[in-house]
Amino acid sequence: MLNFFRRLFPATTPPGSVAGRLLLVTGLYALSGFYSFSVPFQNAGISLIWLPVGIAFGALLRWGTAMLPAVIAGALIMNLYLGHSPLAVAVLTAGSTLGPWLGCRLLQYYGFDPALQNRRQVLTLMAGAAAGSAVSAITGSIWHAGNGLEIPPLSALLVWWGGDALGAMLTAPVFLTMTRRAIEPLRHQMQELLILLTVMTIASWAVFFSPFPELHLPFLLLGLMIWPAMRFEIPVTATLNLLVVISATYASSIGSGVFEKYTGISLLTRWGFIFMLTMISLITTALRKEHQALSHQMHEAYNRLQKLASRLPGLAIQCRIHADQRITVPYASDALSDMFELSYDEVQHDGTRLLARAHPEDFEAGRALLREATRHLTPWQCEFRYFRKDGSERWLYMDGLPEAEEDGAMLWHCFITDITERKQAESDLMIAACTFESQEAIFVTGPDWRILRINHAFSRITGFTPADLIGEKSPLLEPGAQSDDVLPELIQTLATQHFWHGELWHTRCGGDSFPVMITLTALHDHHGRLSHYVGSFTDISKHKGYEAEIRNLAFYDSLTQLPNRRLLTDRLDHLLRLHQHSHAHSAVLFIDLDNFKTLNDTRGHDAGDLLLIEAARRLRESVRDSDTVARLGGDEFVVVLESLSESREEAVQQTDRISEKIRNVLNQPFQFTDFEHHASCSIGVCLFNDQDVTVKDLFKRADTAMYEAKTAGKNAVRFFDPAMQAILLVRMLLESNLRVALSQDQFQLYYQVQVNAAGDLLGAEALLRWYHPDRGFISPGEFIPVAEEAGLIIPIGRWVLETACAQLHQWQHDPLTADLTLAVNVSARQFRQSDFVEQVRSMIQQYAFPPDRLKIELTESTVLDDVDTTIRTMQDLRKLGVGFSMDDFGTGYSSLAYLQKLPLTQLKIDQSFVRDLSEDENDATIVRAIISLGVNLGLDVIAEGVETDAQREFLMSHHCNAFQGYLFSRPLPLPEFEKLVRERRTTMLPQL
């Protein structure tokens, strides 16, 4: 069926389709006429309902007056079919054609829309159909009245007009709206349409063909027509309406149905049924279409509003504050999600979520403004900060208009914009304004360098007022203000890089010039044309003075005004570069004042400063102006001799003469206000003309030579010898190996027994040994001094002490070793550590051994260097139970005044006295004195280096009863020492 209608009413009009339409209209007109005459009203010449008039209306409204021939042809066929005379045929055909044509003209005049999309068009069609039908009815009824029609003329006119009008109302909507576009949607409703046709067929049969007309079922059809009116378009509704009417009229013609059973029902009742059926179906459909159109318009309007709102630079929103203070959101534009990161569903019924992340301070201020605006029904305007989910802060501005509602609610029509950029711009403008009025002088000129604006700092610095300079050339460009080569380079840089920074000369109001540090920037407009120059500068007159002072501080010694290490290094670098083009020798002299510390300690640092100042003066006077005298720090000076002979021998002689001159000059007495000081110096000399040498190498070589002069007894001059460098390299390598040894556990402890007069074991002394993986054992006499100088003696000493404590812990678990004491040598630097006592206490607690088993051996120099501090430290350790032994006693000062104050437990006689006891009476006397001193002070006395029985016998005869030496055992590694202990304590040894 759908395909039939598609072919019948094509979407486009192909060539030759006009003729086809004429034939179609003529055929439909004739067919509908034949049917209409099958249901006559009291006379074959007048029909109860004349359907062809609707075909004529539809054709003329749809395709225009081109269809008049078809209407005329159809009318001729019908009149000829009735057997009228030619004149009757002509009159009735004219009336049948004129009526629809006039009705169509009337409808077109009033702007009739054949689509029938609203009630007005439906009613207009009915009015036009009624008006046009009146013409054909009047024409026909007059003609029939004149030709002996049996019914009264008025009745004939009414029946003719009513039949034509109803025919037009029934057929014209079908013809007008049956288009391909209207039929296409039915493919999606085909199942429902078939069900509807089935239901309508059953209902029509029940109403018009049922054997029970007394059921009064016409209302059923009226109700059923609501279905197609609500679910389908005009074509379906009009077609079903037409089919129902055809069924009704056909049933009436054959004497069936409710309209024939009750003959008392008049013509008006039948027409009323048809009219009501048509009105209900068409008007209901039109109402639905109106509603759909209105909904569509509203939807489009809403979409346009949404599109418009979405293009606004902000959020359009309505907020309703109810009487119970609930907040709902009737409307919000799409910007809601971007601005507040919330969906409309989230805030529609809970508007408080909008301000949940507003800044608390701004929220309270906004509430106060809202109350005030609500009280006076004035706009609500406020700015507030809003925190986004990522923690960033945005500034928002809200402008709301109130609208009071009948239920006590207040509807606010608000527009919210993001003003973060504006706030930033305001802040930038404020900063720019503050910057312009900063402490720097700022000026703005045009591209011709004529000043447009200056700030207060400019006036303060230069003395010029705006009235003096506005419109005038910048003083920077005055003739002679800058050197000739500065301005061209400046202009060129601004033209290419748009920026220049440097020093220039500016002019004050009084005419004097002063230096400025200036920054110039060239600004361009959006077309790339130069528009302004902006300059800012500061007066650096004082800075110039500061620069000289800073340079003096940076490159000269503040006390002696000699060049310092930095300037000396620069000059030596320069000198080394000159040696690339010269074969002349140069020399570096390292000069160290001997015993300078003694002067500082005895006479104070003021006297030391005076000595340094005078020494610097003498050094400057001892060399040429081309030579350099510098102070490295402390009492160290450096002299650089330049342009010596190209011959090395002559250069050595020149340098030696100058060095001796310097030594003699510094040996002269230094006369101060209240005393005279005699000084000397040690000088190390490094001669060079090698361009490959570095400044660092020169310093090292001269320093090495200077230390050689110190070692030679001071007050001497020594030239650098490569052998010195070799020794230095060996020491450096040894220091490096010491660090590796410490990190890789290459150190070991050896143990040498200590016995009493009866030969019983008292304990042992822990002695440090270093086994190098390549060199084997390295003597402590070789590496201990290096460790002292490098500062490694502290970590090494800590390792020795901790290893000894761990060993004492192990010995406590063996009865053979539980009573042994262990002596550990502690260096001066280690002993003077501020936390040394805490270190010992921590080790005693960690390894849990009796503290009296540990004995610390200190040298005289360690004890007597800082007696007061040493005594406090020793007393703190004695409180822990640790014992002390004075090592190498007799080799130092052996001060008896301090000896009695020290909390010692033992004196150890140095092996140098024990070695020659039998041959040197002086050594024997010293040993007897040490033993007597120790005994009288209540101290134990132990002699080290005992190697012969004679030595042991002498010591015992003078009441020394503790010994250590090769006579009893050499130093042994731990396994051999413990084996020795077991052997001596488990077997009987012969008496020595």
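Here's the deal with the overall build of the protein
A count of helical and extended segments in the protein gives 39 helices and 29 strands. In the protein, 62% of the contacts between residues at least 6 apart in sequence involve partners at least 24 apart. Surface accessibility of the protein: about 50100 Å² in total, with carbon and sulfur atoms responsible for 56%.

Structural notes on the environment of Gly366
Mapped onto the secondary structure, Gly366 falls in helix α17 (residues 360–376). When the C-alpha positions of Gly366 and Cys382 are compared, they lie 6.2 Å apart, and in sequence the two are 16 residues distant.

What to know about the packing of aromatic side chains
Two measures describe an aromatic ring pair: the distance that separates the ring centres and the angle between the ring planes. All told, the structure shown has 21 aromatic pairs when counted by the stated rule. With 6.1 Å between their ring centres and 45° between their planes, Phe747 and Phe783 make a pair best called tilted. Placement of Phe747 in strand β20 (residues 747–756) and of Phe783 in helix α29 (residues 780–790) is noted, with a sequence separation of 36 residues between them. Of the two residues, Phe747 and Phe783, both sit in the buried class. Each ring, one from Tyr751 and one from Trp811, has its centre 5.9 Å from the other, and the planes form 55°; the classification is tilted. Linking Tyr751 in strand β20 with Trp811 in helix α30 (residues 793–811), this pair joins segments that are 60 residues apart in sequence. Assessed through its relative accessible area of 1%, Trp811 is described here as buried.

As for the nonpolar core
Leu738, Leu854, Leu877, Leu904, Ile909, Leu955 and Phe977 are the most contacted members of the largest nonpolar core, which totals 75 residues. For this core, the element with the highest residue contribution is α30, accounting for 8 residues. Look past the residues within four positions of Leu738 in its chain and what remains in contact with it is Phe747, Trp770, Phe783, Val786, Ala787, Leu792 and Ile796. Counting residues in hydrophobic clusters, the runner-up holds 68 residues, among them Leu51, Val53, Met78 and Leu196.

A word on the sheet that holds strand β13 (residues 586–593)
One open sheet holds the 5 strands; their spatial order is β14-β15-β13-β18-β19, and the pairing between them is mixed. The open sheet has two edge strands, β14 (628–633) and β19 (717–719), and neither has a second partner. For this sheet, the mean angle separating the axes of adjacent strands, direction not counted, is 20°. Most of the contacts of helix α23 (residues 565–578) go to β14, to which it runs at about 135°, and overall it touches β13, β14, β15 (636–641) and β18 (681–688).

Observations regarding the side chain of Glu944
Following the sequence through the fold, Glu944 ends up in strand β27 (residues 940–944). No salt bridge is formed by the buried Glu944. Its closest oppositely charged neighbour is Lys908, at 4.0 Å. Excluding residues that lie within four positions of it along the chain, Glu944 makes contacts with Asp887, Asp888, Lys908, Ile909, Asp910, Gln911, Val914 and Gln964.

Things to note about the packing of helix α9 (residues 190–209) against helix α12 (residues 234–253)
It is at 10 Å that the axes of α9 and α12 come closest, and there the two elements cross at 25°. Judged by the angle between their axes, α9 and α12 are roughly parallel. As for the relative orientation of α9 and α12, their crossing is right-handed in sense. Contact with α9, carried on its side by Leu193, Leu196, Leu197, Met200, Ser204, Phe208 and Phe209, involves Val236, Leu240, Val244, Ser247, Ala248, Tyr250 and Ala251 of α12 and no other residues of that element. Among the residues making up the contact of α9 with α12, the classes are represented as 12 nonpolar, 2 polar and no charged.

Quick word on the sheet that holds strand β12 (residues 530–539)
Spatially, the 5 strands line up as an open sheet ordered β9-β8-β12-β11-β10, and their pairing is antiparallel. Across the chains shown, the open sheet's two edge strands, defined by having one partner strand only, are β9 (451–454) and β10 (499–507). Across this sheet, the average inter-strand angle for adjacent strands is 30°, counted without regard to direction. One ladder, built from 3 bridges, connects strand β8 (residues 441–445) with β9; its direction is antiparallel. Bridging across to β9, Thr445 finds its partner in Ile451. Helix α21 (residues 486–497) rests against β10, β11 (513–524) and β12 of the sheet, and its axis sits at about 145° to β10.

Focus: the pattern of salt bridges
Under the counting rule described, the total for this entry stands at 35 salt bridges. Ionic pairing is found between Glu405 and Arg320, a salt bridge with its closest N-O pair at 2.8 Å. Highlighted residues: Glu405 in the loop between β6 (393–404) and β7 (410–418) and Arg320 in strand β3 (residues 315–321), separated in sequence by 85 residues. One salt bridge in this structure joins Arg422 and Glu383, with 2.6 Å as the shortest N-O distance. With a gap of 39 residues between them, Arg422 in helix α18 (residues 420–436) and Glu383 in strand β5 (residues 380–387) connect regions that are remote in the sequence. For Arg422, a relative accessible area of 36% translates into the label partly exposed. Where salt bridges share partners, they join Glu614, Arg617, Arg618 and Glu621 into one cluster.

Quick word on helix α25 (residues 605–622)
An ideal rise of 1.5 Å per residue puts 26 Å on 18 residues; α25 measures up with 25 Å between its terminal C-alpha atoms. Of all the positions in α25, only Ala607, Gly608, Leu611, Leu612, Ala615, Ala616, Arg618, Leu619 and Ser622 are classed as buried.

Let's talk about unusual backbone geometry
In this structure, Leu377 takes a positive phi of about 50° despite not being glycine. If you trace the backbone, Leu377 turns up in the loop between α17 and β5. What makes Leu377 partly exposed here is its relative accessible area of 47%. In this structure, His959 is a non-glycine residue whose phi angle is positive, near 70°. As for its position among the elements, His959 is in the loop between α38 (949–957) and β28 (962–964). The class for His959 is exposed, based on a relative accessible area of 58%.

Some remarks on the pairing of β20
For a regular strand, the rule is simple: side chains alternate between the two faces of the sheet. The element β20 is largely enclosed, with a buried count of 9 among its 10 residues. The pairing of β20 with strand β21 (residues 761–772) spans 9 bridges and is classified as antiparallel. Residue pairing across strands places Phe747 opposite Trp770, the latter belonging to β21. Between β20 and β21, which pair antiparallel and follow one another directly, the connecting turn spans 4 residues, one of which, Gly759, has a positive phi of 90°. Bridge count between β20 and β28: 2 bridges; the pairing is antiparallel. Each bridged residue has a counterpart across the sheet, and for Asn756 the counterpart in β28 is Ala962.

Remarks on the layout of surface pockets
There is about 980 Å³ of room inside the largest pocket. Looking at the largest pocket, it is lined by 38 residues, and the ones nearest its centre are Glu765, Leu767, Pro780, Asn825 and Asp887. Here the lining of the largest pocket takes 5 residues from β21, the largest share from any one element. Across the lining of the largest pocket, the residue classes break down as 14 nonpolar, 13 polar and 11 charged.

Details of a nonpolar patch on the surface
Side chains of Leu31, Phe34, Ile77 and Tyr81 sit close together on the surface and give an oily, nonpolar patch of about 410 Å² of accessible area. Checked against the element boundaries, Tyr81 lands in helix α4 (residues 68–81).

Here we look at the state of the cysteines
Here the structure, examined in full by the defined rule, presents 0 disulfides. The cysteine Cys319 is free of any disulfide, with Cys414 supplying the nearest cysteine sulfur at 5.1 Å.

Side note on the confidence of the model for the protein
Overall, the predicted model of the protein reaches an average pLDDT of 82, with 88% of residues at or above 70. Counting contacts from residues 261–265, a segment whose pLDDT is below 50, to residues more than four positions away or on other chains yields 6 contacts. In the model, residues 988–992 has pLDDT below 50 throughout and makes 4 contacts with residues more than four positions away in sequence or in other chains.

Rules behind the numbers
Residues numbered from 1 in each chain as written. Predicted model: local features only at pLDDT ≥ 70, side-chain atom pairs only at ≥ 80, totals over all residues. Heavy atoms only, no water. Helix = DSSP H or I, 4+ residues; strand = E, 2+ residues; numbered from the N terminus. Contact = heavy atoms within 4.5 Å. Areas by Shrake-Rupley, 256 points an atom, 1.4 Å probe, with all protein chains shown as cover. Phe/Tyr/Trp six-rings, centres within 6.5 Å; stacked < 30°, edge-to-face > 60°. Buried < 20%, exposed > 50% of the residue type's maximum accessible area, 1.4 Å probe, protein only. Core = buried A, V, L, I, M, F, W, Y, C linked by side-chain atoms within 4.5 Å. Pairing = 2+ DSSP bridges. Axes fitted to C-alpha atoms, helices over the stretch in contact; angles between N-to-C directions. Lys, Arg positive; Asp, Glu negative; His and termini not counted. Salt bridge = Lys/Arg side-chain N within 4 Å of Asp/Glu carboxyl O. Parallel < 35°, antiparallel > 145°, perpendicular 65-115°, else oblique. Left-handed = near helix turned anticlockwise from the far one by under 90°. Nonpolar A, V, L, I, M, F, W, Y, C, P; charged D, E, K, R; others polar. Expected span 1.5 Å × (residues − 1). 1 Å grid on protein atoms, 1.4 Å probe; cavity = no way out; pocket = protein on both sides within 12 Å on 5 of 7 lines; lining within 4 Å. Points joined across faces, edges and corners; volume = space filled by probe spheres on them. Patch = residues over 30% accessible without salt bridge, like charges linked within 9 Å, V, L, I, M, F, W, Y side chains within 5 Å. Disulfide = S-S within 2.5 Å. pLDDT = per-residue confidence, 0-100.

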